[in-house]
Amino acid sequence: PGHELLKGAPFVETMWGLLVEHTSPTMFTFGTFSAFMLLQYILAVVMPGPVTHGLPIPSENGYRYPYKCNAVYAWYVILLTLGGLHYYDIYPLYQLRNEFGRYMTAAVIWANSTSILCYVIGLKRAIRMSGNMFYDFFMGSALNYRLPGGVDLKMFAEIRNSWMLLFLLTISCAAKMYHETGSINGNMWFMVTAHLLYVNACQKGEECIPTTWDIYYEKFGWMLIYWNFAGVPFLYCFQSLYIQTVTPTPQYSTPLLTVMFVVLFCAYYIWDNVNSQKNRFRMKRQGVPDHIIKRKTFPQLPWGYIENPRTIKSDRGELFVDGWYRFGRKIHYTVDMIMSFLWGFSCGTDGFIPYFYFCFFVSHLTHRQLRDDERCREKYGPLWEEYVRVVPYKFIPGIY
């Protein structure tokens, strides 16, 4: 209500004026974002952590890249650093929310610049090129980019920059709400908790990432670079922005919030467990030492690792059919979608925009499941048909 556009102001001129006013990066915001990136890189180099190895890379004669897994310690350092800057009023966290658009533009500049640089450098060892420059720029020209100090740029972007920044944006919205209203409502506490769980899981389980499809096979092009530098943090935090901006005072009733938290914790437990079981089985099969597989980063939930799991085998490979995977092939997708719906629901039901992420995520994971099925059917042949017979359900045990 009262917005210039609702009063008949010219759309193009008004929007352009808002973009110039709110999204033009300043030297301070661009420098701060760059300093944050540099700090993360320095921590990735100097912080201690176990070293694990990825899957053999066919295009590099089966070489297995080493990965130092210290993101969880870097995560703690960044939280303490930002907490100290806020406490001593050197850089109050709500300033990040105040300059949201300018930091987003800085992230876009970093993403596009990194994409161009990676594409050009990757041409020296390009793989799986299509011949279409635009498609190859989008998907990437090469697979692995290593920074000085042994830091893998793709894993750095997927684990550290994207998710850590997401949580910082969410707590900056909470800090902004407290700064303006003197309190933080229950809906915002829900989003802080939801993002804390998700982001912490990514950091504490970093050792599981090197054997994933993204690291092993996906080339590092504009699609992944832009998504991790700008898309994940600045889109996934939208619910926090919405609550702080649109509904800072009202909140759900205590019984409803209690139900939401219970569902969130249950969904998170299953999501964490399913991913842990799958990835630690894969790590064990690749000869990763037990002290890394059973690493005690916080929190390690019960039933996250299964000794001597049930599998089915053939000359095409071996498939995991134990733990949560006895009940469904994509249960982790199901609970991931449940959590994404709760993010939207925390904003109320007055508009569609808070549910955009949920709708996007459902379409993304549904399509990904179809691609996974097609690829696995081709890779494993009759073994995959046996797997589908043993585990017939995809998302919901007993139903679908």
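Parameters and conventions
- Residues numbered from 1 in each chain as written.
- Predicted model: local features only at pLDDT ≥ 70, side-chain atom pairs only at ≥ 80, totals over all residues.
- Heavy atoms only, no water.
- Salt bridge = Lys/Arg side-chain N within 4 Å of Asp/Glu carboxyl O.
- Buried < 20%, exposed > 50% of the residue type's maximum accessible area, 1.4 Å probe, protein only.
- Helix = DSSP H or I, 4+ residues; strand = E, 2+ residues; numbered from the N terminus.
- Core = buried A, V, L, I, M, F, W, Y, C linked by side-chain atoms within 4.5 Å.
- Contact = heavy atoms within 4.5 Å.
- Axes fitted to C-alpha atoms, helices over the stretch in contact; angles between N-to-C directions.
- Parallel < 35°, antiparallel > 145°, perpendicular 65-115°, else oblique.
- Left-handed = near helix turned anticlockwise from the far one by under 90°.
- Nonpolar A, V, L, I, M, F, W, Y, C, P; charged D, E, K, R; others polar.
- Patch = residues over 30% accessible without salt bridge, like charges linked within 9 Å, V, L, I, M, F, W, Y side chains within 5 Å.
- Areas by Shrake-Rupley, 256 points an atom, 1.4 Å probe, with all protein chains shown as cover.

Novice: Please give an account of the pattern of salt bridges that cites residues and values.
Specialist: Think of it this way: side chains of opposite charge can pair up when their charged atoms draw near. This structure, assessed with the given rule, holds 18 salt bridges. Across the salt bridge formed by Glu99 and Arg102, the nearest N and O atoms sit 2.8 Å from each other. Exposure remark for Glu99: the relative accessible area of 24% places this residue in the partly exposed category. We note a salt bridge from Glu206 to Arg160, for which the minimum N-O separation is 3.3 Å. Placement of Glu206 in the loop between helix H8 (186-204) and helix H9 (213-216) and of Arg160 in helix H7 (residues 153-181) is noted, with a sequence separation of 46 residues between them.

Novice: Outline unusual backbone geometry, listing residues and values.
Specialist: Following Phe298, the chain continues into Pro299 via a peptide bond in cis, with omega recorded as -10°. In this fold, Pro299 is placed in the loop between helix H13 (290-293) and strand E5 (311-314). One non-glycine residue, Asn61, lies in the positive phi region at around 55°. Structurally, Asn61 is set in the loop between strand E1 (51-53) and strand E2 (66-68). A relative accessible area of 79% places Asn61 in the exposed class.

Novice: Would you mind going over the nonpolar core in detail, with residue names and values included?
Specialist: With 96 residues, the main nonpolar core has Trp163, Tyr198, Phe220, Met339, Trp343 and Tyr387 as its most contacted residues. Counting residues per element, this core draws most heavily on H7, which supplies 15 residues. Tyr198 has contacts with Trp163, Trp271, Asp336, Met339, Trp343 and Phe361, leaving out every residue within four places of it along the chain. Ile57, Tyr65, Ala71 and Ile209 belong to the second largest nonpolar core, which has ten residues in total.

Novice: Break down the packing of helix H2 (residues 27-46) against helix H3 (residues 71-87) for me, citing the residues and quoting the values.
Specialist: Direction vectors running N to C along H2 and H3 enclose 140°, while the axes themselves pass 10 Å from each other. One way to sum up the angle between H2 and H3 is to call them oblique. The two elements H2 and H3 meet at a crossing, and its hand is right-handed. Residue-level contacts link Phe36, Leu39, Gln40 and Leu43 of H2 to Ala74, Val77 and Ile78 of H3. Split by residue class, the contact of H2 with H3 holds six nonpolar, one polar and no charged.

Novice: Summarise the packing of helix H15 (residues 356-380) against helix H16 (residues 382-390); cite the residues concerned and give the values.
Specialist: Look at H15 against H16: their axes get within 6 Å of each other, and the N-to-C directions meet at 125°. Here H16 runs oblique to H15, going by the angle between their axes. Across the interface between the two elements, Asp373, Cys376, Arg377 and Tyr380 of H15 pack against Pro382, Leu383, Trp384 and Glu385 of H16. The class makeup of the residues in the contact of H15 with H16 is five nonpolar, no polar and three charged.

Novice: Tell me about a nonpolar patch on the surface, and please be specific about residues and values.
Specialist: Together, Phe11, Val12 and Met15 make up a nonpolar patch on the protein surface, roughly 310 Å² of accessible area in all. Considering the arrangement of structural elements, one finds Met15 in helix H1 (residues 11-23).

Novice: Any details on the side chain of Thr297? Residues and values, ideally.
Specialist: Here Thr297 is to be found in the loop between H13 and E5. Here Thr297 is in contact with Val72 and Lys204, once residues within four sequence places are set aside.

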